[in-house]
Amino acid sequence: MPDYTSYHGGTNGTFMLTRRGTMRYIECRALEECGSITHGFCTRWGGTSEGRLTDFNFGVQVGDSEEHLEHNRERLRTAFDLPRDNPATVSQVHGDRLLIIDETTQRLDSTAYLPYDGILTAVQGIAIGIKTADCVPLLIADRMKRIIGVVHAGWRGTASGIATNAIERMIHVFASDPTDIIVAIGPSIGPCCYEVDASVFHSFDNTPAQQRAFTPGRRAGKWMCNLPAANRLQLLHTGIPPENIFSADICTSCRHDIFYSHRAEEGNTGRQISFLMLHEESELMKSKKLLDTPSDFI
């Protein structure tokens, strides 16, 4: 099992475990270098939830109290200087639909049912987030057109091509050039732990992922699924250069001490949040107060 005491890894050492106050999270240096983006792949550390949900849970339908959820949201807002009512999230229905937030729709009702699995926006000052507990979180940024996106990619969404859909929407709606797009693939269940059955395997029929992201499982009729690799293949297919795609390479099931894991905890767990926000570069420099990771971090 890897030691993440001073984790600085992933693709080309691009990801780093760090903290703000009580919060522990992972950042991607490639996104940080864009200069006008606040982002984070949060862990399960730094919040107020208790018991099996300890302690930075953002899952609404997992049995947590609204008091704990609001305290956790407030800690995120305070740590990253996010506006009130942020981050904006969707209902996550394991599909391939994406919500586009523009100037007329930027205020979302947090109680509304929004059947999407990702968000795209060019609006500054609104944080967009998705919640995971093994599924793949994708943070996307067009560094030239200043467009950002978040995507929740479970096996159903991945089989439906949600990563492809997100990039194609950026190209068609915002005129993005794929060579300007950076994608950070956050912590998710890895091929070491994600054994699936025939229904999942055959949902990827006639796709490159079926041949390249699946290997024979430990039991007859089972396969080991590499969801990050499947999403990477989709991103490459849209024209994003391989050097613009970064993967944290952390298995949430192996490290459910750090991350919530639906598989490792048999569905009895919370959800961590991953988010992005656009703002003026000058504001970023004023608000950014990162602390060095201590040697006894984990």
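Look above for the structure.
For the structure given in this document, a descriptive report is provided here. Remember, predicted model here, so these are calculated numbers, not experimental data. (Residues numbered from 1 in each chain as written. Predicted model: local features only at pLDDT ≥ 70, side-chain atom pairs only at ≥ 80, totals over all residues. Heavy atoms only, no water.)

1. Observations regarding the overall build of the protein
This is how the line gets drawn: Counting from the N terminus, the helices are DSSP H or I runs at least four residues long and the strands are E runs at least two residues long. The rule is simple: take the accessible area with a 1.4 Å probe, protein chains only, and divide by the maximum for that residue type; under 20% is buried, over 50% is exposed, in between is partly exposed. Contact definition: two residues touch when any of their heavy atoms are within 4.5 Å.
Scanning the protein for helices and strands turns up eight helices and 15 strands. Counting across all 298 residues of the protein, residues that qualify as buried make up 56%. Relative to all contacts within the protein whose residues are 6 or more apart in sequence, the contacts with residues 24 or more apart total 66%.

2. Some remarks on the packing of helix 4 (residues 162–174) against helix 7 (residues 227–237)
For the record, the criterion: An axis is simply a line fitted to the C-alpha atoms; with a helix, the fit covers only the stretch in contact. Between two such axes, the angle follows the N-to-C directions and lies from 0 to 180 degrees. Working rule for angles: under 35 degrees goes down as roughly parallel, over 145 as roughly antiparallel, 65 to 115 as roughly perpendicular, anything else as oblique. Crossings are sorted by hand: turned counterclockwise from the far helix by less than a right angle, the near helix makes the crossing left-handed, and turned clockwise it makes it right-handed.
In the contact formed by helix 4 and helix 7, the axes pass within 8 Å of each other and the chain directions differ by 30°. With respect to helix 7, the element helix 4 is oriented roughly parallel. Judged by the sense of rotation from one axis to the other, the crossing of helix 4 with helix 7 is right-handed. Along the contact surface, helix 4 presents Ile162, Ala163, Thr164 and Ile167, while helix 7 presents Asn231, Gln234 and Leu235.

3. Thoughts on the environment of Gly154
Along the chain, the position of Gly154 falls in the loop between strand 9 (147–153) and helix 3 (155–159). Along the primary structure Gly154 and Ala133 are separated by 21 residues, whereas in three dimensions their C-alpha atoms are 9.7 Å apart. In this view, Gly154 contacts Cys135 and Leu227; residues no more than four positions away in its chain are not counted.

4. Comments concerning the state of the cysteines
Where we set the bar: Defined by distance alone, a disulfide is two cysteine sulfur atoms within 2.5 Å.
Scanning all chains against the criterion turns up zero disulfides. Here Cys251 is not cross-linked by a disulfide; its sulfur's nearest cysteine counterpart is in Cys192, at 3.7 Å.

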